[in-house]
Number of protein chains: 2
Amino acid sequence: MHVIAAVRDEEGPQFLDIPKPDPGPDEALVRTLRVGIDGTDHEVLDGNHGDFPEGEDYQILGHEAVGIVEDPNRTRFEVGDLVVPTVRRPPDETNEYFERNEPDMAADGDYLERGIVGAHGFMATYFTSPERFLVGIPDEFADYGFLIEPISNSEKAFEHAQATRSAFEWNPKSALVLGNGPLGLLTLAMLDRKGFDRMYCLGRRDRPDLTIDVIECLGATYVDSRETPVSEIAAAHEAMDFVYEATGYAPHAFDTVRALAPNGVGALLGIPDDWTFQINGGQLHREIVLENKALFGSVNSNVRHFKAAKESLAAFPDWFTDELITGIYSPEEVEKAFERDDDVIKTVVEFDTP
Amino acid sequence: MHVIAAVRDEEGPQFLDIPKPDPGPDEALVRTLRVGIDGTDHEVLDGNHGDFPEGEDYQILGHEAVGIVEDPNRTRFEVGDLVVPTVRRPPDETNEYFERNEPDMAADGDYLERGIVGAHGFMATYFTSPERFLVGIPDEFADYGFLIEPISNSEKAFEHAQATRSAFEWNPKSALVLGNGPLGLLTLAMLDRKGFDRMYCLGRRDRPDLTIDVIECLGATYVDSRETPVSEIAAAHEAMDFVYEATGYAPHAFDTVRALAPNGVGALLGIPDDWTFQINGGQLHREIVLENKALFGSVNSNVRHFKAAKESLAAFPDWFTDELITGIYSPEEVEKAFERDDDVIKTVVEFDTP
């Protein structure tokens, strides 16, 4: 079968032919339809994130997939069921996090991640998966079901944000998304259904720009970080009840405190490299305390968040998914699929159609 | 009646005689027994925190009080009831935070604080208070009931910490308190009842030391910050599920991230001045995200937290309160009551006895 992989000592995504996998006990065989590409795939390719499966010289890429069950193999699925796989898998042995269906809370070493950390991903004609890591989705999601994984990360972040503020009555009205990449835009569309009156999205692009169009069509305000730094957004626009950071730009994590309204909460999702810089730590510390602010990190997601993401995806307007997906490529065209440009929002590799 | 006040252009606490207050509608008149002194009182005295009541040249100090109802004045209380007052009061008009009994979540401008922000405190022979800001306590709390206010701040912090981690199964086992001042020690005693297996408390004192004795008698481990900085505690001892910061030393707010275990949460309560310094913001941001860590600020407390603090105080061992209170002074001895020394943990001004 065809796979797209990171290969040791090779640059860029490689197109390989390897044998079709055999499903193990409790595993279904899935025929892949589409696999989305995100920033993490680029980092894996560049060797900056995750690691290859033990003892192997390549890693199949891809962690945002949708496929069709080809061989249920005594799982609860039937031939033809549309499914989306979750990303984390137990290492050699299972552990408490997987036992209670919270692999997203497992610490480093307590999980593998398909396509990222020590396990093969889904950019292949077929993949296998234990049934508990497959989420059934309606047939009409064949084209865009691969978006459920990235949306699920934001569902988790928002769930945790609400939990963080659950000791008092919190009625968030304003939300700011830092980052106009695909995850930022998906999050903006997701937040559109969470009851916010006013939404903002930060980027650093000149008009005319595809992402600014999407932001404005979602009814949100575009904030150009070159004109209005995160630390000045509260003064220039308004203080935010919720900030979602998806830039991986470390100063944003700290400037988020300044952007928050009293009792606000910031969710951090970016994964920056080491970077030492100055902050007014006294001011930040004081503001966090006197204004009851909160900041938390969020990584990965679990089946509950995939199910919430299904609901969000179902409610997205058609124009949004159409605008978001700027390229659909065959496995043979993989290099194009990985190209990055201002005209590219999100691309997808299509292995098959339903 | 006697009051102890900060007076404009005067240094140190002043002993004044002013008329006894008349309770307004819905207010009870309370005869003060004891009022505790904490760091905030020193900051108010030094002009570094809060402000005087509008149009006045003095502010009665004190926000940690216990007293006896002298005139219930048609409130639900009876003559002789032991009560503790909460600290926040509405400004000219009430607002949503007070309406829903969450004044601790009100933003700057939406509250006054008795003894701190724009309102007279409780260091007076008598004080008046609306009944909704008085919490009834059992008679046996006459001596130590003034500790309920500081404990309530930690009850709020712990309640918010649990809320922050309520979207997943969190079983915290290790706790670290930053700061061996009275609030740090009270928090350590409070946490002793919250199910932690191992507790640590950070200070910068040489042995023999009263606070180290208290820490060890509570079964906690003393960590000397001069030997083990906060950023190295995880390596030297263990990573912490819960960190409570009560130092007001701004680098601690950021080093807390390093001290936390995966899925851990840090509560910040200190109120530092501006201070610019360097951090490895990339590393902190990345650790917060990849390890699902959280950080939040907590200030003040509401009636629910006062009630929780009653339970905590009732469970404190007698030796603890005896060791903690290192001085009981009459109003005339107020200068001594405000002296700070390594032999002083917490002092109290006694206006009357039951």
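In the annotation of an unreviewed UniProt entry, chain A is listed under the name Glucose 1-dehydrogenase and assigned to Saliphagus infecundisoli. Database annotation for chain A, UniProt heading Function (unreviewed entry): "Catalyzes the NAD(P)(+)-dependent oxidation of D-glucose to D-gluconate via gluconolactone. Can utilize both NAD(+) and NADP(+) as electron acceptor. Is involved in the degradation of glucose through a modified Entner-Doudoroff pathway." The UniProt entry for chain A carries the following text under Sequence similarities (unreviewed entry): "Belongs to the zinc-containing alcohol dehydrogenase family. Glucose 1-dehydrogenase subfamily."

1. Observations regarding the overall build of chain A
Scanning chain A from terminus to terminus reveals 11 helices and 20 strands. Whereas a compact globule of 354 residues would reach a radius of gyration of roughly 20 Å, chain A reaches 20 Å, a difference of no more than 12%. Looking at chain A as a whole, 60% of its 354 residues are labelled buried. In chain A, the proportion of contacts linking residues at least 24 apart, taken out of those at least 6 apart, comes to 71%. For chain A, the accessible surface area stands at approximately 13,800 Å², while carbon and sulfur atoms represent 42% of it.

2. Quick notes on the sheet that holds strand β2 (residues 14-17) of chain B
Residues and elements named next belong to chain B. Judged by pairing direction, the sheet is antiparallel, and its three strands sit side by side in the order β2-β1-β4 without closing on themselves. Because the sheet does not close on itself, it has two edges, and the strands there are β2 and β4 (58-60). Strand-to-strand twist across the sheet, computed as the mean angle between neighbouring axes with direction ignored, equals 50°. In terms of strand pairing, strand β1 (residues 2-7) meets β2 through four bridges, oriented antiparallel. Within β2, the residue paired with His 2 across the bridge is Asp 17.

3. Observations regarding the sheet that holds strand β4 (residues 58-60) of chain A
All names here are of chain A. Strand order in this open sheet of three strands is β2-β1-β4, and the pairing throughout is antiparallel. Each edge of the sheet is formed by a strand with only one pairing partner; in this case those strands are β2 (14-17) and β4. Taken pair by pair, the neighbouring strands of this sheet meet at an average axis angle of 50°, ignoring direction.

4. Examining the packing of aromatic side chains
Scanning all chains against the criterion turns up 21 aromatic pairs over all chains. Between Phe98(A) and Phe133(A), the aromatic rings sit 6.1 Å apart at their centres with planes inclined by 90°, giving edge-to-face as the arrangement. Residue Phe98(A) is found in helix α2 (residues 96-99), and its partner Phe133(A) is found in the loop between β10 (126-130) and β11 (134-136); the two are separated by 35 residues along the sequence. Residues Phe98(A) and Phe133(A) agree in their burial class; the two are buried. With a centroid separation of 5.9 Å and an interplanar angle of 70°, the aromatic rings of Phe254(B) and Phe277(B) are classed as edge-to-face.

5. A few points about the UniProt feature "binding site: substrate" (unreviewed entry) in chain A
All names here are of chain A. When the UniProt feature table is mapped to this numbering, "binding site: substrate" (unreviewed entry) covers Thr 40, Glu 113, Glu 149, Asn 153 and Asn 300. These annotated residues cover 261 residues of sequence, and their C-alpha atoms all fall within 13.9 Å of one another, placing them together at a single site. Position of Thr 40 among the secondary structure elements: in helix α1 (residues 39-45). Residues in contact with Thr 40, not counting those within four places in the same chain, are His 49, His 63 and Ile 116. Secondary-structure assignment places Asn 300 in the loop between β18 (294-297) and α9 (303-315). Among the residues examined, Asn 300 registers a relative accessible area of 7% and is labelled buried. Filtering out sequence-adjacent residues up to four positions away, Asn 300 remains in contact with Val 87, Arg 88, Pro 103, Asp 104, Glu 113, Asn 153 and Lys 156.

6. Quick notes on the nonpolar core
In this structure, Met123(A), Phe242(A), Met123(B) and Phe242(B) are the most contacted members of the largest nonpolar core, which totals 182 residues. The residues touching Met123(A), leaving out its near neighbours within four places in the chain, are His2(A), Val3(A), Ile4(A), Val35(A), Gly36(A), Ile37(A), Ile60(A), Leu61(A), Gly62(A), Phe338(A), Val349(A) and Phe351(A).

7. Comments concerning the domain arrangement of chain A
Residue and element names in this part refer to chain A. For chain A, the assigned domains are domain 1 (2-136 + 317-350) and domain 2 (153-297). Placing the centre of domain 1 and that of domain 2 at their C-alpha centroids yields a distance of 28 Å. At the junction of the two partners, domain 1 supplies 12 residues and domain 2 supplies 14 residues. Surface buried jointly by domain 1 and domain 2 totals about 1,200 Å² across both partners, of which 74% is contributed by carbon and sulfur atoms. It is Trp 319, Phe 320 and Ile 345 in domain 1 that bury the most area against domain 2; as a group they hold 41% of the surface buried on that side. Along the contact surface separating domain 1 from domain 2 lie two salt bridges. Between Asp 342 and Arg 205 there is a salt bridge, with its nearest N and O atoms 3.6 Å apart. Summed over the shared surface of domain 1 and domain 2, the number is two residue pairs in polar contact (both at pLDDT 80 or more). Among the elements that make up the side of domain 1 that touches domain 2, the one with the highest residue count is helix α10 (residues 318-324) (four residues). Each residue belonging to the side of domain 1 that touches domain 2 can be placed in one class, and the counts come to five nonpolar, two polar and five charged.

8. Observations regarding the side chain of Arg165(A)
Within the fold, Arg165(A) resides in the loop between α3 (148-164) and β12 (174-178). Buried charge without a partner: Arg165(A) forms no salt bridge, and the closest opposite charge is Asp241(A), 9.2 Å away. At a separation of 3.5 Å, a polar atom in the side chain of Arg165(A) contacts the main-chain carbonyl oxygen of Gly264(A). Ignoring any residue separated from it by four or fewer positions in sequence, one finds Arg165(A) in contact with Trp170(A), Asn263(A), Gly264(A), Val265(A), Asn292(A), Lys293(A), Ala294(A), His160(B) and Phe296(B).

The rules behind these values
- Residues numbered from 1 in each chain as written.
- Chains lettered and ligands numbered in written order.
- Predicted model: local features only at pLDDT ≥ 70, side-chain atom pairs only at ≥ 80, totals over all residues.
- Heavy atoms only, no water.
- UniProt positions renumbered as here; feature names shortened; annotations may be inferred.
- Helix = DSSP H or I, 4+ residues; strand = E, 2+ residues; numbered from the N terminus.
- Rg over C-alpha atoms; globule rule 2.2 N^0.38 Å.
- Buried < 20%, exposed > 50% of the residue type's maximum accessible area, 1.4 Å probe, protein only.
- Contact = heavy atoms within 4.5 Å.
- Areas by Shrake-Rupley, 256 points an atom, 1.4 Å probe, with all protein chains shown as cover.
- Pairing = 2+ DSSP bridges.
- Axes fitted to C-alpha atoms, helices over the stretch in contact; angles between N-to-C directions.
- Phe/Tyr/Trp six-rings, centres within 6.5 Å; stacked < 30°, edge-to-face > 60°.
- Core = buried A, V, L, I, M, F, W, Y, C linked by side-chain atoms within 4.5 Å.
- Domains from an automatic or database assignment.
- Buried area = accessible area lost by both parts, 1.4 Å probe.
- Salt bridge = Lys/Arg side-chain N within 4 Å of Asp/Glu carboxyl O.
- Polar contact = N/O pair within 3.5 Å; in protein donor to acceptor, adjacent residues only side chain to side chain.
- Nonpolar A, V, L, I, M, F, W, Y, C, P; charged D, E, K, R; others polar.
- Lys, Arg positive; Asp, Glu negative; His and termini not counted.

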